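Summary of structural features
These are the residues of each chain, in order.
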Amino acid sequence: MMDKVDKEGSSMQEIMAILPASVRSIMTTLPSAVLEVLEEIRLRQNQPLEIRYGQQTSYVTPAGQITANARQGWIFTQEHVVKLLNQVSQHSLYALEEELKRGYITVVGGHRIGIAGKVVLERGEVKGIRDVTSFNVRIAREKKGVAQKVMPYLFEKGNLQNTLVISPPMCGKTTLLRDIARQVSYGSEWSSSRKVGIVDERSELAGCLQGVPQRDVGPRTDVLDACPKAIGMMMLIRSMSPDALIVDEIGRPEDGDAVWEAIHAGVAVICSAHGSDVGEVARRPMLGKLIHHGAFTRYIVLSRARGVGTIQGIYDSSLNPVRKEQPAWSS
Amino acid sequence: MVKLIGALLVLVSASMVGWQISRSYAKRPVQLRALLVALQMLETEIVYGLTPLQRAFVKVGQRVQKEIGNIFLSAAELLEQGGALSAEESLQKAILRHGAQTALRKQERDVLASLSQVLGSSDREDQQKHLRLAVTHLRGLEEEARAEQNKYEKMYKSLGFLGGLLVVILMF
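Residues numbered from 1 in each chain as written. Chains lettered and ligands numbered in written order. Predicted model: local features only at pLDDT ≥ 70, side-chain atom pairs only at ≥ 80, totals over all residues.

Some remarks on the overall build of chain A
For the record, the criterion: Segments assigned H or I by DSSP are reported as helices when at least four residues long, segments assigned E as strands when at least two residues long, and all are numbered from the N terminus. Three classes are used. A residue is buried when 20 or more other C-beta atoms lie within 10 Å of its own, exposed when 12 or fewer do, and partly exposed in between, with C-beta atoms placed from the backbone. Here the contact rule is simple: place C-beta atoms from the backbone, and any two residues whose C-beta atoms are within 7 Å are in contact.
Each helix and strand in chain A was counted, giving 10 helices and 18 strands. When burial is assessed residue by residue, chain A has 43% of its 331 residues classed as buried. Sequence-distant contacts in chain A: of pairs separated by 6 or more residues, those separated by 24 or more amount to 61%.

Now the structure itself:
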């Protein structure tokens, strides 16, 4: 428990460190009950400071009070925009070209800052965002142990199953994947430790900073940071010979081919997709094909029914609920 | 005897003054060259290495001549402190702090100051443009400094000695 509190504290500190002094001083006066469940800080030029915590959103007054009235909110001005950008980019906007193209920046601790503003085009392609005016600071919280409940279902006769995690946005999909990676890498009572490869296209799973994972993803985990998923999976299979491949949010046609390829290369694939149940996901072209061909042998469906990360159900390839695998040492 | 020693002292000190002035003329082109090298290194770090500004400053500062390097090292130090200062403010402060120890004149400091306004705050292409502009600017100043060196370096050296000699002759 102590460990968890420390973790929470440090992720708040990381967030505070990148905020301009003026925003920081307001944020620190917020009640700690709010700070503990803070999910997003939304900053828009000339608009009041907005926060999202628990299941609700509110504005924050200059005195650090929560209000529903936008007029009372503390206004984020252009000067603050410049300061925040400086802080986030370490005074080096040129180093963030790729990030500005994708529309978000990952900072120390794996937190993600979404940005919007005026898009600059070059030959019809997005070259970057100039005049950034909106920021969405998403606080990444590492919840160790969330995979504990699903681990017994992921094995069949000691073999790790190909798994698809299905969940609407903000239901703890990435957190769950990360913890599965960690548990597989460390080993648990259901399996010995295995080599894990993570293709982390959006730097969310491992939260890499200069290639080093900022989150605990286990000792036997190799991370290919910021790499497109389809290419990344093939690269990892060839170069790192993983036992399990973990990827977040597959959806493009080439991702499907890569998953197919990986499964037949004897690697267990654990990935996630947006959706609310298996039937819905099966209607999407690429995922539908994978599902009909029986690529996945486990489906984990998440929801927010009983808070973030509620496990709605775990099914096998013919969509029947799965029975728990007994710990390896007892069979 | 005392007179002779006095005369000698006058002569030596006058030549020293002349030598001192001539040396500042000799130093300026050397330091300008170092500054040019520094900016070119900075360009490489920024455009090809995508190194964050603070680390780029440290790298450059350690590799060029000490007087010039100190400006960059000190700017890097200021940038690191809590991040309250912008890149512009830190570089300007560093110039104020270490500029006096260099032979750089106001023109060169102005070039650096105007460069500091854009450093780090735009994309790579733009950074490169501004850095190149500053380099061309400094090249011109370097040539000017060399011409001045040719003209005045020897002159001040002999002027010092001859001036001292004149005083000695007048004293006798």
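Still more ground to cover, so stick around.
Points about the overall build of chain B
Within chain B one finds 6 helices and 0 strands. Starting at the N terminus, the α and β elements of chain B follow one another as α-α-α-α-α-α. Residue burial in chain B is summarised as follows: out of 172 residues, 34% are buried. Long-range pairs, those at least 24 residues apart, make up 70% of the contacts in chain B between residues at least 6 apart in sequence.

Some details on the interface of chain A and chain B
Our working rule: Under the convention adopted here, Pro, Cys and the residues Ala, Val, Leu, Ile, Met, Phe, Trp and Tyr are nonpolar, Asp, Glu, Lys and Arg are charged, and Gly plus all remaining residues are polar.
Facing 11 residues of chain A, the contacting portion of chain B comprises 16 residues. Classifying every residue of the side of chain A that touches chain B gives 4 nonpolar, 6 polar and 1 charged.

Things to note about unusual backbone geometry
Of note in the backbone geometry, A:Gln90 takes a positive phi value of approximately 50 degrees without being a glycine. Turning to its location among the elements, A:Gln90 is positioned in the loop between α4 (78–89) and α5 (97–102). For B:Leu50, which is not a glycine, the phi torsion comes out positive at approximately 50 degrees.

Thoughts on the sheet that holds strand β15 (residues 244–247) of chain A
Residues and elements named next belong to chain A. Our working rule: Two strands are counted as paired when DSSP detects at least two bridges linking them. Structural elements are reduced to axes, namely lines fitted to C-alpha atoms, with helices fitted over the stretch in contact, and the angle between N-to-C directions of any two is expressed from 0 to 180 degrees.
Spatially, the 7 strands line up as an open sheet ordered β14-β13-β15-β16-β12-β17-β18, and their pairing is mixed. Looking at which strands have only one partner, the edges of the open sheet turn out to be β14 (221–225) and β18 (310–316). Averaged over all neighbouring strand pairs, the angle between strand axes comes to 15 degrees, with direction disregarded. Bridge analysis of β15 against strand β16 (residues 268–274) gives 4 bridges, and the strand direction is parallel. Counterpart to Val247 in the pairing with β16 is Cys271. Strands in contact with helix α7 (residues 229–240) are β13 (196–200), β14 and β15; relative to β13, the strand with the most contacts, it is inclined by about 155 degrees.

Thoughts on helix α10 (residues 285–292) of chain A
Residues and elements named next belong to chain A. Rule in force here: By construction, the arc corresponds to the directions joining the helix axis to the C-beta atoms.
Inspection of α10 places Leu287, Leu290 and Ile291 among the buried residues, and these make up the whole buried set. Take α10 and look down its axis: the buried residues cluster within an arc of 100 degrees, on one side only. Turned more than 90 degrees away from the buried face of α10, the exposed residues are Pro285 and His292.

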